[in-house]
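So the chains spell out like this:
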Amino acid sequence: MEKLVQIKGVSVNFYTYEGVVRALNNLSLDIYKGETLGLVGETGCGKTMTAFAILRLIMPPGVIETGTILFTPNGSAPVDLLSLSEKDIRAIRGSKISMVFQEPGNALNPVYTIGDQISEVILLHRNNEMIVRAIKDIDCHLNQPADERNKLFDYFIRMQKYILAAMLNSPGALLPRIVQKVPLVKRLLWRINNEAKKTAVAMLKEVDIPDAERIVNYYPHQLSGGMKQRAVIAMALACSPKFLIADEPTTALDVTIQAQILELLQRLKDEFNSSVLYITHDLGVAAAICDRVGVMYGGSIVELAEVNELFVNPLHPYTRALLAAVPKPGEEPMPIPGFIPDPTNPPAGCPFHPRCSLAQDICRLEKPELHEIYPGHFIGCHIDAGENIDTPSQN
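Reference entry: report on the structure contained in this document. (Residues numbered from 1 in each chain as written. Predicted model: local features only at pLDDT ≥ 70, side-chain atom pairs only at ≥ 80, totals over all residues. Heavy atoms only, no water.)

Moving on to the overall build of the protein chain. Looking only at helices and strands, the protein chain features 15 helices and 12 strands. Out of the 395 residues belonging to the protein chain, those deemed buried represent 48%. Partitioning the contacts of the protein chain with sequence separation of at least 6, the portion at a separation of at least 24 is 67%. As displayed, the protein chain has an accessible area near 19400 Å², and 55% of this comes from carbon and sulfur atoms. (Helix = DSSP H or I, 4+ residues; strand = E, 2+ residues; numbered from the N terminus. Buried < 20%, exposed > 50% of the residue type's maximum accessible area, 1.4 Å probe, protein only. Contact = heavy atoms within 4.5 Å. Areas by Shrake-Rupley, 256 points an atom, 1.4 Å probe, with all protein chains shown as cover.)

Summed over all chains, the structure comprises 4 aromatic pairs. On the basis of an interplanar angle of 45 degrees and a centroid distance of 6.5 Å, the ring pair of Phe-52 and Phe-101 is categorised as tilted. Residue Phe-52 is located in helix 1 (residues 47–54), and its partner Phe-101 is located in the loop between strand 6 (97–100) and helix 3 (104–107); the two are separated by 49 residues in the primary sequence. The class of Phe-52 is partly exposed, set by a relative accessible area of 23%. Between Tyr-297 and Phe-352, the ring centres sit 5.2 Å apart and the planes meet at 85 degrees, which makes this aromatic pair edge-to-face. With Tyr-297 in strand 9 (residues 292–297) and Phe-352 in the loop between helix 14 (317–324) and helix 15 (361–365), this pair connects stretches of sequence that are 55 residues apart. Neither Tyr-297 nor Phe-352 differs from the other in exposure class; each is buried. Every member of this aromatic cluster is reached through a ring pair, and the members are Tyr-297, Tyr-318 and Phe-352. (Phe/Tyr/Trp six-rings, centres within 6.5 Å; stacked < 30°, edge-to-face > 60°.)

Overall, the coordinates contain 15 salt bridges when judged by the stated rule. With a shortest N-O distance of 2.7 Å, Lys-205 and Glu-213 are connected by a salt bridge. Since its relative accessible area comes to 46%, Lys-205 is described here as partly exposed. Among the residues examined, Glu-213 registers a relative accessible area of 43% and is labelled partly exposed. Each member of the salt-bridge network shares a partner with another, and the members are Glu-206, Asp-208, Arg-267 and Glu-271. (Salt bridge = Lys/Arg side-chain N within 4 Å of Asp/Glu carboxyl O.)

This next bit is on the sheet that holds strand 8 (residues 275–279). Strand order in this open sheet of 8 strands is 6-7-8-3-9-10-12-11, and the pairing throughout is mixed. The sheet terminates laterally at strand 6 and strand 11 (371–374), the two strands that pair on one side only. Put simply, the sheet's adjacent strands are angled 25 degrees from each other on average, direction ignored. As defined by bridge partners, strand 7 (residues 243–247) adjoins strand 8 across 5 bridges and the pair is classed as parallel. By the bridge assignment, Ile-245 is partnered in strand 8 with Leu-277. (Pairing = 2+ DSSP bridges. Axes fitted to C-alpha atoms, helices over the stretch in contact; angles between N-to-C directions.)

Moving on: the nonpolar core. Core analysis: the biggest nonpolar cluster contains 104 residues, and Phe-243 and Ile-245 have the highest contact counts within it. Broken down by element, this core gets its largest block of residues, 8 residues, from helix 8 (residues 183–206). Every residue in contact with Phe-243, bar those within four places of it in the chain, is listed here: Leu-4, Val-5, Ile-31, Ile-54, Phe-71, Lys-96, Ile-97, Ser-98, Ser-275, Val-276 and Leu-277. (Core = buried A, V, L, I, M, F, W, Y, C linked by side-chain atoms within 4.5 Å.)

Pasting the structure below:
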């Protein structure tokens, strides 16, 4: 399979007054084209931080210290996302790589309508397409020769890019406001926005929102949690991205809506031919929709395998502990003893050894490297795969 994203040796630190928070520690991970890769683990293990590192959304005092993240869209050479300028990475965010955030209520701006917020993504990344549609819709230009229309397209595309760039760099600039008042320009801008709104309605229909023509004019507070999440998914898919990151998109939803959202993501993934990085706490969800699953702990991958292999034959003590903690009918769930390590003062050696009943002396001294035990099954543990690895007890 072709690799879409290659994360190699990425480390992320946050420099705080309490100390250096080591959020990601030499993380390496490959994501293949057309697959759904799940990331599971306890809160604070680095799952969301991995997504933010891919999109270069690490905010100060966070710093991506080391590593490369190679992105290879169809028909293009690999691009290191960490070496791109801010302008270039903004061109990729929302178009080739999109993210569905954990809390749709926080991801949506309460003072703008749903249609405005989806249209903003469309106007940013599909602006040329909207301009061409708008000009074609102006009757007075339909009878012009093709070369004249093409010149007109080029002129308005350059003008629109100038207006957008000027408004982004200087929101209160006078010249863009004057240009927008020219009658022909004003008419064209209205048509461009109208085309973007039509596309937003089409995207809302794509995510199964009923009466999309009415909902597009609603504000976020007028929608239920499930509808907000569908709107966020519509926004993420508005530009047909090749890579979609879904950060626990069903956490705040009831069970029936969760099932609908998961089914929707699966259908849209196949329809848009995208790869998905699905972040979740729910091992059942990971088992249902993922092709491979990576288990994170202490900012690193500790086990990675094909989904059936991971659940049938878990090898790492932490993976087995997670599975033992899942409630099952007629069985008492076994909580994992202790707590995740303090990221400002992580333990030496394996980060899981203070909570692992199978820890050996080497576990306290040396951090294990992720290595392949069986074809496609990787584990970061000093314990030999042939040994009988029992679930860590609470002793």
